[in-house]
Amino acid sequence: MFCGKLLNDLPRWIVIALWLGANIGIFVEAYLRFETSIDYFYTRRILGPALAWARGSAAALNLNCMLILLPVCRNFISFLRSSFRRYGKFKYFPIIFCITRSLSLEQLDEACQQLVMVVTL
């Protein structure tokens, strides 16, 4: 009986372990980056260890917000795709939307230029 319950719940525990490991990994990476980097020396002198704790927590919070928004964005993309189909074919919209959501502003201009070249071919 216990073995059957363990096998049924195993995927759930694997997902929880991966989520917890990702949170711990991101927190530790951000904490060490802000605690040891020479770029933040003076900020560290002013704020003390609070800088590294705050930035590590913020990095973990960003991961959790991204995980919460993934299903919402999928539904939003489906809604926009269906609304654009009414007005004509715009099959590149999901590609453009995903690129703009995933890239930083510096990379956005280069990605848009590449996308324009692909669409015009």
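Residues numbered from 1 in each chain as written. Predicted model: local features only at pLDDT ≥ 70, side-chain atom pairs only at ≥ 80, totals over all residues. Heavy atoms only, no water.

(A) Fine view of the overall build of the chain. In terms of helices and strands, the chain carries five helices and zero strands. Element order for the chain, N to C, with α for helix and β for strand: α-α-α-α-α. Taking all 121 residues of the chain together, the buried fraction comes to 17%. Sequence-distant contacts in the chain: of pairs separated by 6 or more residues, those separated by 24 or more amount to 36%. With the model as given, the accessible surface of the chain reaches about 10,000 Å², and the carbon-plus-sulfur share is 69%. (Helix = DSSP H or I, 4+ residues; strand = E, 2+ residues; numbered from the N terminus. Buried < 20%, exposed > 50% of the residue type's maximum accessible area, 1.4 Å probe, protein only. Contact = heavy atoms within 4.5 Å. Areas by Shrake-Rupley, 256 points an atom, 1.4 Å probe, with all protein chains shown as cover.)

(B) Broad picture of the pattern of salt bridges. Under the counting rule described, the total for this entry stands at one salt bridge. Between Glu 29 and Arg 33 there is a salt bridge whose closest N-O contact spans 3.1 Å. Placement of the pair is Glu 29 and Arg 33 together in helix α1 (residues 2-36), with a separation of four residues, close to one helical turn. Taking relative accessible area as the criterion, Arg 33 reaches 37% and is therefore assigned partly exposed. (Salt bridge = Lys/Arg side-chain N within 4 Å of Asp/Glu carboxyl O.)

(C) Representation of the packing of aromatic side chains. Under the counting rule described, the total for this entry stands at five aromatic pairs. Here Phe 27 and Trp 53 contribute two aromatic rings whose centre-to-centre distance is 5.6 Å and whose plane-to-plane angle is 45°, an arrangement assigned as tilted. Taken together, the residues span a long stretch of sequence, with Phe 27 in helix α1 and Trp 53 in helix α3 (residues 50-87) at a distance of 26 residues. Using a relative accessible area of 21% as the deciding quantity, one classes Phe 27 as partly exposed. Both rings, one in Phe 34 and one in Tyr 40, keep their centres 4.5 Å apart while their planes meet at 40°; by these two values the pair is tilted. Among the residues examined, Phe 34 registers a relative accessible area of 8% and is labelled buried. Judged by relative accessible area, Tyr 40 falls into the partly exposed class, the value being 28%. In this structure an aromatic cluster arises from ring pairing among Phe 27, Tyr 31 and Trp 53. (Phe/Tyr/Trp six-rings, centres within 6.5 Å; stacked < 30°, edge-to-face > 60°.)

(D) Looking closely at the side chain of Arg 44. Counting through the fold element by element, Arg 44 comes out in helix α2 (residues 41-47). For the buried Arg 44, which has no salt bridge, the nearest side chain bearing the opposite charge is Glu 35, at an N-O separation of 5.0 Å. (Lys, Arg positive; Asp, Glu negative; His and termini not counted.)

(E) Fine view of a nonpolar patch on the surface. There is a patch of nonpolar side chains on the surface, built from Trp 13, Ile 16, Trp 19, Leu 20, Ile 24, Val 28, Leu 32, Met 66, Leu 67 and Leu 70 and spanning about 940 Å² of accessible area. Counting residues per element, the ones that place at least two in the nonpolar patch are α1 and α3. If you tally residues by element for the nonpolar patch, the top one is α1, at seven residues. By secondary structure assignment, the location of Trp 19 is in helix α1. According to the relative accessible area criterion, Trp 19 is partly exposed, its value standing at 39%. (Patch = residues over 30% accessible without salt bridge, like charges linked within 9 Å, V, L, I, M, F, W, Y side chains within 5 Å.)

(F) Highlighting the environment of Arg 55. Within the fold, Arg 55 resides in helix α3. Linking Arg 55 and Arg 33, residues 22 residues apart in sequence, is a C-alpha distance of 9.3 Å. Sequence-distant contacts of Arg 55, that is, excluding residues within four places in its chain, are made with Ala 30 and Phe 34.

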